[in-house]
Amino acid sequence: MVLLHVLFEHAVGYALLALKEVEEISLLQPQVEESVLNLGKFHNIVRLVAFCPFASSQVALENANAVSEGVVHEDLRLLLETHLPSKKKKVLLGVGDPKIGAAIQEELGYNCQTGGVIAEILRGVRLHFHNLVKGLTDLSACKAQLGLGHSYSRAKVKFNVNRVDNMIIQSISLLDQLDKDINTFSMRVREWYGYHFPELVKIINDNATYCRLAQFIGNRRELNEDKLEKLEELTMDGAKAKAILDASRSSMGMDISAIDLINIESFSSRVVSLSEYRQSLHTYLRSKMSQVAPSLSALIGEAVGARLIAHAGSLTNLAKYPASTVQILGAEKALFRALKTRGNTPKYGLIFHSTFIGRAAAKNKGRISRYLANKCSIASRIDCFSEVPTSVFGEKLREQVEERLSFYETGEIPRKNLDVMKEAMVQAEEAAAEITRKLEKQEKKRLKKEKKRLAALALASSENSSSTPEECEETSEKPKKKKKQKPQEVPQENGMEDPPISFSKPKKKKSFSKEELMSSDLEETAGSTSIPKRKRSTPEEETVNDPEEAGHRSGSKKKRKFSKEEPVSSGPEEAAGKSSSKKKKKFHKASQED
C-alpha cells in the first residue's frame, strides 16, 4: 500500500505530515473540505510525523530562496531522508510547488504529487499549523511569516544581476509619456494662438519651434524688421522668417488682449521647457544604454533597445527569450487575434521601429525582421552575461545585418558568421583590456587623491596637537619664574624687612623663638639659686661668669624684638604671637611666687 506524506514549508521550519488510511476518492468529496475546516475532524485525517525548525532568520531566508528557485536545501534533504520510509516506491510525497517536487524526485527518488487532494490538505495544514506543532502559537507564527516576508522581499529587491536596467525602463516609459504630452500641449498652443495668428500654423510644422515663436512674437502687430534676425535664429531658415514677417502684416487673425497673450506665452514657455527636458532625458537614456546594453544599442539603436528591455521586464528576461519571441515582442494582440481567427501572424513587433525594416523591400520585410531578431537575441545575451560590456559585438552584428540587406537587394554574398565573430573576439579583447586599463588609472588617481587628503588631515591634526602643549608650557613657565624670583629677593633683605612676601619663613622663626625662649627660661630657673643675687650682680660679672647664658639672653632679646616688629604679618601669625606672650607672663609669675 502506498503511503501519502505531505511536505509543508512554513516560516518557522519544515513539517512532514502523514495521511491516515483513507481512500483517495473520499478525500475528493465535499465532506473532506468540511473536515479541513474543523480541527477535530482534520486530526483524524492528518498526523504530524516530523518538524524541523530553522535555527535563525538567515537560515530561513536561505531555505525560502532555495524553495523559490526549485533547489533542494540540505535541511530539507536531511528531513526527508531521516523521516521518510526507506522503500521509496511505497512513498508518495505531496508538495505545493511543482518545481521543488521535480527537484526532490530527481535528487532523492521519491514520487511527488501536486494539486487536487494535496492542495486541500495543505490548505488545512496552513489553517491549523499552530495547533499541530507543540509550543507554537498563532502570534509567533504570524511574526515569523512577517519577518521572513520582509527579508525575502528585501533580498529580491537588492538582487540585481543586470546592473541598472530599471533606470532604463523608467526612462523610456517617461520618454514615451513626454512625447504624448508635448504633442497634446503643442496642439493646444496651436489652436489657442491660431485665433490671433492663423498663418503661422501653415508655415511652421515643428511643435517646439511653433511654441518658441508664439512666445517670442506675442502680438503680431509689434513684429517688424528689427526682429527678423531673431526669427531666423529660431526658425533656422531665412525664407521662413521672411514669410512669417509678411504674413503678420496681412494676417486675418482676430485681435487679442494683453492678459490672453500673457497666458498663451506662459503656457508655451511650459511646453518649451518640457521639450528641452525631453532632449536631456534622451541623452541620459543614451548614456545608460551605452553602459548597460552597449551591443544592443549599437545594433538596433538606444530607443528601440530600451523599449525591448522595458517590454521584457529586464535585460535578463530579454536574454532568456528566443529569437522568435523577440521578433513579435510588442505585437501580442495581433498574434492572438491571428491565432483565434486563423489568419496571418504578425512578422514584427517593436523591432519594426528600427531602420533596417523600413529600408527593406516589402517582400523582404519578414526575412530581415527574423534575421534582426536573431541578432538582437545574441546581442542581449552578450550584454547580460559579459563582465566588461563593449559595443564591438553590436557593431559587428550591425555590419552583418547591413550585408544581409545588400544581399537581398543585389545578391552579394555576405561573410560567414564564424569569421565575423573571430574578428569581433579579437577586437573585444583589445577593447576590454583598454577599458580595464582606464579603470585602473581612475582607481590610482582616486587613491592618490585619498592619500593626499588623509596626509593633509594628519598634518593639520599634528599641528594642532603640537601647538597646544607649547601654549601649556608657556603658561606653566611664567608662574615658575615668579616663584624663583621671590625667594631670591628674601635673603638679600635678610628676611627682616618684608615678612609679608613669604609667610612660611616668619612661621619657622617664630617656632624657633618659642622653643629657645622656653629652654632659656628653664635654664635660668634651674641654674640660678636666688633671683635677687642675679639682680645684685653687675652686667660685667654676668658676661664673665656665664657667657653662654648671655648669648642665649641676647638671642632671646633679639627674637623678642623681632616678634614685636611683626604686627604687619597676617592674622594667624598674630594669634600665635599673642598666645606665646601669654605663656611667658604666666611662667614669670610662677617663678616669682617660687
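Residues numbered from 1 in each chain as written. Predicted model: local features only at pLDDT ≥ 70, side-chain atom pairs only at ≥ 80, totals over all residues. Heavy atoms only, no water.

- The protein appears in an unreviewed UniProt entry as Nucleolar protein 56 from Pan paniscus.
- Under the UniProt heading Sequence similarities (unreviewed entry), the entry covering the protein gives this text: "Belongs to the NOP5/NOP56 family." (UniProt positions renumbered as here; feature names shortened; annotations may be inferred.)

With respect to the overall build of the protein
Here is step 1 of the chain: Counting its secondary structure elements, the protein contains 29 helices and five strands.
Here is step 2 of the chain: For the protein, long-range pairs separated by at least 24 residues make up 67% of all intrachain contacts whose partners lie at least 6 apart in sequence.
Here is step 3 of the chain: When the accessible area of the protein is evaluated, it comes to approximately 37400 Å², of which 55% is carbon and sulfur surface. (Helix = DSSP H or I, 4+ residues; strand = E, 2+ residues; numbered from the N terminus. Contact = heavy atoms within 4.5 Å. Areas by Shrake-Rupley, 256 points an atom, 1.4 Å probe, with all protein chains shown as cover.)

Quick look at a positive patch on the surface
Here is step 1 of the chain: Positive charge collects at one region of the surface, where Arg437, Lys441, Lys444, Lys445, Lys448, Lys449, Lys451 and Lys452 lie side by side.
Here is step 2 of the chain: In this fold, lysine 449 is placed in helix 24 (residues 417-492). (Patch = residues over 30% accessible without salt bridge, like charges linked within 9 Å, V, L, I, M, F, W, Y side chains within 5 Å. Salt bridge = Lys/Arg side-chain N within 4 Å of Asp/Glu carboxyl O. Lys, Arg positive; Asp, Glu negative; His and termini not counted. Charge placed at Lys NZ, Arg CZ, Asp CG, Glu CD.)

What about a negative patch on the surface?
Here is step 1 of the chain: Taken together, the side chains of Asp226, Glu229, Glu232 and Asp237 define an acidic patch exposed on the protein surface.
Here is step 2 of the chain: Looking at where glutamate 232 falls in the secondary structure, it is placed in helix 13 (residues 228-235).
Here is step 3 of the chain: Classification of glutamate 232 as partly exposed rests on a relative accessible area of 35%. (Buried < 20%, exposed > 50% of the residue type's maximum accessible area, 1.4 Å probe, protein only.)

Some points on the pattern of salt bridges
Opposite charge on two side chains allows them to pair when their charged atoms are near.
Here is step 1 of the chain: The full count for this structure, using the stated rule, is 20 salt bridges.
Here is step 2 of the chain: Measuring nitrogen to oxygen at the nearest pair gives 2.6 Å for the salt bridge that ties arginine 77 to glutamate 107. Here the residue arginine 77 occupies a position in helix 5 (residues 74-83), and glutamate 107 occupies one in helix 6 (residues 98-107), the gap between them amounting to 30 residues.
Here is step 3 of the chain: For the salt bridge of lysine 396 with glutamate 423, the shortest nitrogen-to-oxygen distance reads 3.4 Å.

Some points on a nonpolar patch on the surface
Here is step 1 of the chain: Together, Val164, Met167 and Tyr284 give the surface a local cluster of nonpolar side chains, amounting to about 240 Å² of exposed area.
Here is step 2 of the chain: Its location among the elements puts valine 164 in the loop between helix 9 (138-158) and helix 10 (165-194).
Here is step 3 of the chain: Look at valine 164 and you get partly exposed, because its relative accessible area is 32%.

A short note on the nonpolar core
Here is step 1 of the chain: Grouped together as the largest cluster of nonpolar side chains are 38 residues, with contacts concentrated most on Leu296, Leu299, Ile300, Ile309, Leu318 and Leu372.
Here is step 2 of the chain: Secondary-structure elements contributing two or more residues to this core are helix 10, helix 15 (258-292), helix 16 (294-300), helix 17 (302-312), helix 18 (315-320), helix 21 (355-359), helix 22 (365-385) and helix 23 (392-410).
Here is step 3 of the chain: Here this core gets seven residues from one element, more than from any other, and that element is helix 22.
Here is step 4 of the chain: Three or more residues apiece are contributed to this core by two domains, here domain 2 (166-281) and domain 3 (293-434).
Here is step 5 of the chain: Apart from the residues within four sequence positions on either side, leucine 372 is in contact with Leu299, Ile300, Ile351, Ser354, Phe356, Ile357 and Val401.
Here is step 6 of the chain: Ala11, Ala50, Leu80 and Val95 belong to the second largest nonpolar core, which has 23 residues in total. (Core = buried A, V, L, I, M, F, W, Y, C linked by side-chain atoms within 4.5 Å. Domains from an automatic or database assignment.)

With respect to the UniProt feature "coiled-coil region" (unreviewed entry) in the protein
Here is step 1 of the chain: In the UniProt entry, the feature "coiled-coil region" (unreviewed entry) is given for residues 418-457.
Here is step 2 of the chain: End-to-end, the C-alpha atoms of residues 418-457 are 58 Å apart, and along that stretch the chain is 100% helix and 0% strand.

Quick word on the side chain of histidine 128
Here is step 1 of the chain: Considering the arrangement of structural elements, one finds histidine 128 in the loop between helix 7 (117-127) and helix 8 (129-132).
Here is step 2 of the chain: Classification of histidine 128 by relative accessible area gives buried; the value is 7%.
Here is step 3 of the chain: Ignoring anything within four residues of it in the chain, the contact list for histidine 128 reads Val36, Leu37, Asn38, Leu39 and Phe42.

Here we look at the sheet that holds strand 2 (residues 13-19)
Here is step 1 of the chain: Spatially, the five strands line up as an open sheet ordered 3-2-1-4-5, and their pairing is mixed. Across the chains shown, the open sheet's two edge strands, defined by having one partner strand only, are strand 3 (46-53) and strand 5 (111-113). The mean inter-strand angle of the sheet, taken between neighbouring strand axes irrespective of direction, is 25°.
Here is step 2 of the chain: Relative to the sheet, helix 7 contacts strand 1 (3-9), strand 2, strand 3, strand 4 (91-94) and strand 5, its axis offset from that of strand 1 by approximately 50°. (Pairing = 2+ DSSP bridges. Axes fitted to C-alpha atoms, helices over the stretch in contact; angles between N-to-C directions.)

Some points on the packing of aromatic side chains
Here is step 1 of the chain: Under the defined criterion, the tally for this structure stands at eight aromatic pairs.
Here is step 2 of the chain: With a centroid separation of 5.1 Å and 50° between ring planes, the pair formed by phenylalanine 8 and phenylalanine 129 is classed as tilted. Highlighted residues: phenylalanine 8 in strand 1 and phenylalanine 129 in helix 8, separated in sequence by 121 residues. Take phenylalanine 8 and phenylalanine 129: they sit in the same class, and that class is buried.
Here is step 3 of the chain: Judged by centre distance (5.3 Å) and plane angle (80°), the rings of tyrosine 14 and phenylalanine 54 are edge-to-face. In this pair, tyrosine 14 is assigned in strand 2 and phenylalanine 54 in the loop between strand 3 and helix 4 (57-69), connecting sequence segments 40 residues apart. (Phe/Tyr/Trp six-rings, centres within 6.5 Å; stacked < 30°, edge-to-face > 60°.)

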